[in-house]
Amino acid sequence: WSRNGLTYPSFVIDRQDTCHLVCRGRSRDLMLSDRAPAHERKGYGPMLDYALIYLQRPAGKTWSRRRDLAIPQWRNYSNWYHKLTIAPDGMTLFATYYYLALRVENDPAWTAAYVKRWGRELPDGRYTDDNATAHDPTTVVSSNGGQRWRIATSVDLHAQEKIINEDAP
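Description of the structure in this document. (Residues numbered from 1 in each chain as written. Predicted model: local features only at pLDDT ≥ 70, side-chain atom pairs only at ≥ 80, totals over all residues. Heavy atoms only, no water.)

1. A few points about the pattern of salt bridges
If you walk through the whole model with that rule in mind, you get two salt bridges. Of the charged contacts in the structure, one is a salt bridge between aspartate 68 and arginine 66, with a shortest N-O distance of 2.8 Å. With relative accessibility at 34%, the residue aspartate 68 sits in the partly exposed group. What makes arginine 66 partly exposed here is its relative accessible area of 31%. Between arginine 150 and aspartate 156 there is a salt bridge whose closest N-O contact spans 2.6 Å. Accessibility expressed as a relative area gives 12% for aspartate 156, which makes it buried. (Salt bridge = Lys/Arg side-chain N within 4 Å of Asp/Glu carboxyl O. Buried < 20%, exposed > 50% of the residue type's maximum accessible area, 1.4 Å probe, protein only.)

Written as structure tokens, this is what we have:
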């Protein structure tokens, strides 16, 4: 039970000693309720907002404010499978992620939409977390030290490949 709201960290340090962190972040309301003296875990509310977030900490400074990289449409319990890497240039960041929506079976409309899209129902027509899988692989890139992010293209990957080839003996 994460009282700080950050889970599943992926962490790199660039050539200027800036720390970069991508993780799952919980909504501000839920984090505040966790810190309350009388907090009791009574289950999850309908809007958990488990976004994939980015933070950075330049050398000798404090951590930046949370920046959302991806916010899921399903605003209930969910997981991100993600990896943050730094390119050979020592500054370009790549974050690749998959998304796993869980507890979709709690809402019949969401269950129907999810099964229609992903075809993950059990032979008896039910959908449960037991047959859920992560989907929608995406790679985002920041070529300016995490200040701006966008969907990566083959041009981004080829630019890094060129750097690798130029450095090769």
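2. Quick look at the environment of proline 9
By secondary structure assignment, the location of proline 9 is in strand E1 (residues 6-13). For the pair proline 9 and isoleucine 53, spaced 44 residues apart in sequence, the C-alpha to C-alpha distance is 9.8 Å. (Helix = DSSP H or I, 4+ residues; strand = E, 2+ residues; numbered from the N terminus.)

3. A word on the sheet that holds strand E3 (residues 51-57)
An order of E1-E2-E3-E4 is seen for the four strands of this open sheet, with the pairing classed as antiparallel. Strands at the two margins of the open sheet, each flanked by one partner only, are E1 and strand E4 (67-70). Neighbour to neighbour, the strand axes of the sheet diverge by 30° on average, direction disregarded. Pairing analysis gives six bridges linking E1 to strand E2 (residues 19-25), with the strands arranged antiparallel. Bridge pairing in E2 places serine 10 opposite valine 22. (Pairing = 2+ DSSP bridges. Axes fitted to C-alpha atoms, helices over the stretch in contact; angles between N-to-C directions.)

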